[in-house]
Amino acid sequence: MLDINWVCKNVDQVEQALKERNEQNVDLETFVKLNQDRKNLQFRSDEIKHERKEISTSFQKAKKAGEDVAPLQEKTKALKNEEKEIDARLTEIKQQQREFVMRLPNLPHEDAPKGGEESNKVTRTEGEKPAPFDFDAKDHMALCEDLGFVDVNNRGVKIAGSGFALYQGIGAKLVRSLINFMLDLHTDEHGYKEIAPPLLVTRKTMTGTGQLPKFEDDLYHCSKDDLFLIPTAEVPVTNLLSDEILSPKQLPVAYTAYTPCFRREAGSYGADTRGLMRLHQFDKVELVRFCLPEESEAEHQKLLGHAEKVLNLLGLHYRVLELASGDMGFAAARCYDLEVWAPVSERWFEVSSVSNFRDFQARRANIRYRKEAKKVEFVHTLNGSGLALPRIILCILEQYQTDDGRVRVPDALRPYLRADFLSKDV
RNA sequence: GGAGAGGUGGCAGAGUGGUCGAAUGCGAUGGCUUGCUAAGCCAUUGAUGGAGUCAAAUCCAUCCGAGGGUUCAAAUCCCUCCUUCUCCGCCA
């Protein structure tokens, strides 16, 4: 979230940013007024408390001296009534402010492209574009079916409904191999500490990273215990350090975690829901970093590099997109998407989103560091997928298929799969 | 799920109605000193909100798991919830 006092002092800037993010009907004027009310009430409340304290101190003396204490008690009673009333209003205002500010998106980075999705900027295209097939190549749907290792439309749906994939045989092993490959890369080569977090988290945790209160509809919720299934490992892993004050020496902190991700995808029916393209549950290896504010730009690039490395090693053709202010996620200040080329479907698939949140999440989750002896400040948080599996599988299938109906295993995965080809019924 | 015992500052741990934001120890930071390799001495060492200021200084308030209550006065008494530990039950 944004700092309340800062918002009140920089209304124009916030308004401008909200416009860039297509946020309509945000009543900042009332918000600013509310803040002044809060301060005034706080002042009066403190005053009353102070007065009561003094009465309480003089009470003893009065009693010892044998004076009548009834007037003091009367006075306190009156003060308490006023205090109660003021504090109730104060609590209400604070609640309103919180409710308001929690729904404000992050400010876009000043260098982020302006505009909506159409303004996303392709910053680089990497890897070799696969040569055209000299045989009748199949798309990922057909390959899944022919190879029989991703059972998308039959039994997965039978047991859990639409939007759930079921991997079997070497398909399941491919999933496991990709996870291990990515985790090994990030822990051994990139210096991340591996985390295996809870997959269900509390309301507070979901609020810390920005999923709540605004996006409750997108989450699976266990009402009996008021717990939510995580939509990404970002949620538990970022909140790992919530309410903590770190020493600058500890920074940067780098965590990686494999988890399944659960998303209701409410309202996103349509063309992209077939096959492995969009699922209610999918596997992802996530990268999360915490750092000093002045280092977050550099950290962002580093993080991007770590995610890209996975694609390099898998030999996939991909591009780096810098997202425009109107297309970024709620909490992000700056964001790169990695999109992989699927040569038969002839389109790009997003497999990673690498974001710098600056202090937006840190302020929500209250993650700070001691800047100087008497000064604490919020850290910056970043995260990126490294990577999401289903679309990677999809692209691997399309790109690495052979004319005999098999799929060649990318070199980097061979030690994990212990096979050179994926083929039916292996 | 049942019974019992706890939750105090970075950690350990005192404190059972006012003088307690809280002893003491450890740790950390700064300084001094010494040299027999690590110790000694001194000092500093929580956060949040508000007032104030160009900014500080400074002042006030709040916080002893969370939220309510009793009282002139609550870390301390009462209630609810959360959580940790031990035992029992159940279970991968």
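Let me sum up the structure you'll find in this document. Remember, predicted model here, so these are calculated numbers, not experimental data. (Residues numbered from 1 in each chain as written. Chains lettered and ligands numbered in written order. Predicted model: local features only at pLDDT ≥ 70, side-chain atom pairs only at ≥ 80, totals over all residues. Heavy atoms only, no water.)

Attention shifts here to the overall build of chain A. Counting its regular elements, chain A contains 13 helices and 16 strands. The principal-axis extents of the C-alpha atoms in chain A amount to approximately 105 × 45 × 45 Å. For chain A, with 426 residues in total, the buried portion stands at 48%. Taking the contacts inside chain A whose residues are at least 6 apart along the sequence as the reference set, 73% of them involve residues at least 24 apart. As presented, chain A carries roughly 21,100 Å² of accessible surface, and 47% of it is formed by carbon and sulfur atoms. A distance of 6 Å separates the average location of the 61 positive side-chain charges in chain A from that of its 69 negative side-chain charges. (Helix = DSSP H or I, 4+ residues; strand = E, 2+ residues; numbered from the N terminus. Buried < 20%, exposed > 50% of the residue type's maximum accessible area, 1.4 Å probe, protein only. Contact = heavy atoms within 4.5 Å. Areas by Shrake-Rupley, 256 points an atom, 1.4 Å probe, with all protein chains shown as cover. Lys, Arg positive; Asp, Glu negative; His and termini not counted. Charge placed at Lys NZ, Arg CZ, Asp CG, Glu CD.)

At a closest axis distance of 9 Å, the pairing of helix H5 (residues 140-147) and helix H12 (residues 389-400) adopts a crossing angle of 85 degrees. Classified by the interaxial angle, the pair formed by H5 and H12 is roughly perpendicular. Here His140, Leu143, Cys144 and Leu147 of H5 come into contact with H12, specifically with Leu394, Leu397 and Glu398. Partitioning the contact of H5 with H12 into residue classes produces five nonpolar, one polar and one charged. (Axes fitted to C-alpha atoms, helices over the stretch in contact; angles between N-to-C directions. Parallel < 35°, antiparallel > 145°, perpendicular 65-115°, else oblique. Nonpolar A, V, L, I, M, F, W, Y, C, P; charged D, E, K, R; others polar.)

With respect to topology, eight strands assemble into an open sheet ordered S1-S9-S10-S11-S14-S8-S7-S2, the strand pairing being mixed. Taken across any chain shown, the strands that pair with only one partner, and hence form the sheet edges, are strand S1 (121-126) and strand S2 (193-195). On average, each strand axis in the sheet is inclined to that of its neighbour by 25 degrees, with strand direction left out of account. As judged from the 10 bridges shared by strand S7 (residues 253-262) and strand S8 (residues 281-291), these two strands associate in the antiparallel manner. Residue pairing for S8: Ala254 is matched across the bridge by Arg289. The sheet strands contacting H12 are S8, strand S10 (334-342), strand S11 (347-358) and strand S14 (380-388), and the helix crosses S10 at an angle near 30 degrees. (Pairing = 2+ DSSP bridges.)

With respect to the helices and strands, Gly127 occurs in the loop between S1 and H5. In this structure, the C-alpha to C-alpha distance between Gly127 and Leu104, residues 23 residues apart in sequence, is 38 Å. Discounting chain neighbours no more than four positions away, the residues touching Gly127 are Leu316 and His317.

A word on the sheet that holds strand S5 (residues 227-229). Across the sheet, three strands lie side by side as S3-S5-S4; this open sheet has antiparallel pairing. Only two strands of the sheet have a single partner each, and these edge strands are strand S3 (200-202) and strand S4 (221-222). Two strands pair when backbone bridges link them, and S4 and S5 are joined in this way by two bridges, in the antiparallel orientation. Bridge pairing in S5 places Cys222 opposite Leu227.

Moving on, we come to the packing of aromatic side chains. Counted according to the given criterion, the structure contains seven aromatic pairs. Considering the side-chain rings of Phe181 and Tyr416, the 6.1 Å spacing of their centres and the 65 degrees angle between planes classify their relative orientation as edge-to-face. Of this pair, Phe181 sits in helix H7 (residues 170-189) while Tyr416 sits in helix H13 (residues 414-417); the two residues are 235 residues apart in sequence, bridging distant segments of the chain. Look at Tyr416 and you get partly exposed, because its relative accessible area is 23%. (Phe/Tyr/Trp six-rings, centres within 6.5 Å; stacked < 30°, edge-to-face > 60°.)

Let us now look at the protein's contact with RNA strand B. Residues in contact with RNA strand B amount to 22 residues; listed here are only the nearest, Arg38, Asp46, Arg52, Phe59 and Gln73. In the interface set of RNA strand B, defined as its atoms within 4 Å of the protein, sugar plus phosphate atoms amount to 70%. Contacts to RNA strand B include Arg52, whose side-chain N or O atom sits 2.9 Å from a phosphate oxygen. Between RNA strand B and Gln73 there is a distance of 2.9 Å, counted from a phosphate oxygen to a side-chain nitrogen or oxygen. Going through the elements one at a time, helix H3 (28-64), helix H4 (70-102) and strand S12 (367-372) are the ones with two or more residues in the surface near RNA strand B. (Near = heavy atom within 4 Å. Polar contact = N/O pair within 3.5 Å; in protein donor to acceptor, adjacent residues only side chain to side chain.)

All right, on to the layout of surface pockets then. The volume enclosed by the second largest pocket comes to roughly 340 Å³. As for the second largest pocket, its lining consists of 16 residues, and the residues nearest its centre are Trp6, Gln13, Leu107, Pro108 and Arg358. For the lining of the second largest pocket, the element with the most residues is helix H2 (residues 11-20), which contributes four residues. Within the lining of the second largest pocket, the residues separate by chemical class into five nonpolar, four polar and seven charged. (1 Å grid on protein atoms, 1.4 Å probe; cavity = no way out; pocket = protein on both sides within 12 Å on 5 of 7 lines; lining within 4 Å. Points joined across faces, edges and corners; volume = space filled by probe spheres on them.)

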